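Report on the structure
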Amino acid sequence: MGAALEIRNLHVSVEDQPILQGVNLIVRQGEIHALMGPNGSGKSTLANTLMGHPAYDVTAGQIIFDGMDLLDLETDERSRLGLFMAFQYPVAIPGVTVANFLRNAINARMKDDDPDSKGIPIPAFRKMMIDKMDLLRMDHSFGGRYLNDGFSGGEKKRAEILQMAMLEPRIAIMDETDSGLDIDALRIVAEGVNRLSGPDLGVLVITHYQRILNYIKPQFVHIMLDGQIVESGGDDLALRLEEQGYDWVRERQNGNGR
Ligand code: ADP
Ligand code: MG
């Protein structure tokens, strides 16, 4: 049985302003979910809350991951449990190569599990990185570049996806909304998700960009409006969003029928 991320009746306030107002959602390993919704509906608030950002105040509800209450855990503990969050605005670290950064990330985790761990041996690390790069169809020279230093938007996304591939999370949350999102970056993320997806990985892709559905085939599509998930479905919902946008969702919420 795979692990599940269960969000139950989640209420979140930011600066005493209620934003999420009773979100319910279950993402299991092996499932791809898309969370969509207009700007300002609360999608990023949900993503930030899942990772434990201190500005987001959970006023009611629960987040359970693999049977554990996430709200009791710090961000790094959540990550160690197998929750991965792709950063919307990754920082540049000049002087640290992508490979070094990834090896440090893996070693830090191994040392958390076992203080006597010497970390991953370099040959094993190299092999793993090459395998993952091949899986993602990335150029091997990427590992030798300084992390995010002078990277294009698309290259930053590649670095993110490679990090996800190396850390092998059980559930990945990718907030791809709003500014800075070009179709190229979107395609890279979508292709990465498609190549990494399998029975051990659950993904929640967050976007307001309907076109992501041209690249990713989520089994589940959810629409967030005013801090609640107001519609959930499959391909049918994706198709309807692509054709009609969000207006019908709002109209239905306002009681104006279809
Ligand atoms: P989305 O990602 O769907 O566009 P957000 O979660 O970013 O929506 O925003 C939902 C609402 O919460 C907006 O009204 C936004 O102004 C507010 N909000 C979110 N994060 C913050 C924050 N860190 N500080 C102040 N307001 C915030
Ligand atoms: Mg957002």
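Being a predicted model, the structure only gives us computed values, none of them experimental. (Residues numbered from 1 in each chain as written. Chains lettered and ligands numbered in written order. Predicted model: local features only at pLDDT ≥ 70, side-chain atom pairs only at ≥ 80, totals over all residues. Heavy atoms only, no water.)

**Brief notes about the site of ligand 1**
Taken together, 13 residues lie near ligand 1, and Gly 40, Gly 42, Lys 43, Ser 44 and Thr 45 sit nearest. Contact between ligand 1 and Gly 42: an oxygen atom at 3.0 Å from a main-chain N or O atom of the residue. At 2.5 Å, a side-chain N or O of Thr 45 approaches an oxygen atom of ligand 1. Considering ligand 1 on its own, with 560 Å² of exposed area, one finds that the protein chains cover 64% of that surface. (Near = heavy atom within 4 Å. Polar contact = N/O pair within 3.5 Å; in protein donor to acceptor, adjacent residues only side chain to side chain. Areas by Shrake-Rupley, 256 points an atom, 1.4 Å probe, with all protein chains shown as cover.)

**Digging into the pattern of salt bridges**
The tally for this structure, following the rule as stated, stands at 11 salt bridges. When the shortest N-O distance is used, the salt bridge between Asp 112 and Arg 80 registers 3.0 Å. Linking Asp 112 in helix H3 (residues 98–113) with Arg 80 in helix H2 (residues 75–81), this pair joins segments that are 32 residues apart in sequence. A salt bridge links Lys 127 to Asp 131; its shortest N-O distance comes to 2.7 Å. Taken together, the positions of Lys 127 and Asp 131, both in helix H4 (residues 122–135) and four residues apart, correspond to about one turn of that helix. Relative accessible area serves as the criterion here: at 52%, Lys 127 is assigned to the exposed category. The network of salt bridges with shared partners includes Asp 76, Arg 80 and Asp 112. (Salt bridge = Lys/Arg side-chain N within 4 Å of Asp/Glu carboxyl O. Helix = DSSP H or I, 4+ residues; strand = E, 2+ residues; numbered from the N terminus. Buried < 20%, exposed > 50% of the residue type's maximum accessible area, 1.4 Å probe, protein only.)

**Here's the deal with the environment of Lys 157**
Structurally, Lys 157 is set in helix H5 (residues 153–167). Owing to a relative accessible area of 8%, Lys 157 belongs among the buried residues under this scheme. Separated by 19 residues in sequence, Lys 157 and Glu 176 have C-alpha atoms that sit 9.8 Å apart.

**Overview of the packing of aromatic side chains**
Aromatic ring pairs are defined here through the distance separating the ring centres and the angle between the ring planes. Considering all chains together, one arrives at one aromatic pair under this definition. Centroid distance Phe 142 to Phe 151: 5.3 Å. Interplanar angle 45°. Geometry classified as tilted. Judged by relative accessible area, which is 6%, Phe 142 ranks as buried. Just above the ring of Trp 248 sits the side chain of Arg 240; from NZ or CZ to the centre is 3.9 Å. (Phe/Tyr/Trp six-rings, centres within 6.5 Å; stacked < 30°, edge-to-face > 60°. Lys NZ or Arg CZ within 6 Å of the ring centre and 35° of its normal.)

**Brief notes about H3**
Over its 16 residues, H3 runs 23 Å from end to end, which matches the ideal 22 Å to within 8%, given 1.5 Å per residue. Taken together, the buried positions of H3 are occupied by Val 98, Ala 99, Leu 102, Ile 106, Asn 107 and Arg 109. Burial along H3 is one-sided: seen end-on, the buried residues are contained in an arc of 160°. At its buried positions, H3 is contacted by H2, strand S7 (93–97), H4, strand S8 (146–147) and H5. (Expected span 1.5 Å × (residues − 1). Arc of directions from axis to C-beta. Contact = heavy atoms within 4.5 Å.)

**Looking at the packing of H4 against H5**
Two elements in contact, H4 and H5, have axes whose closest approach is 10 Å; the angle formed by their N-to-C orientations is 125°. With respect to H5, the axis of H4 lies oblique. Like other packed secondary-structure pairs, H4 and H5 cross with a definite hand, here right-handed. Facing H4, whose interface residues are Phe 125, Met 128, Met 129, Lys 132 and Met 133, H5 presents Leu 162, Ala 165 and Met 166. Of the residues assigned to the contact of H4 with H5, the class counts are seven nonpolar, no polar and one charged. (Axes fitted to C-alpha atoms, helices over the stretch in contact; angles between N-to-C directions. Parallel < 35°, antiparallel > 145°, perpendicular 65-115°, else oblique. Left-handed = near helix turned anticlockwise from the far one by under 90°. Nonpolar A, V, L, I, M, F, W, Y, C, P; charged D, E, K, R; others polar.)

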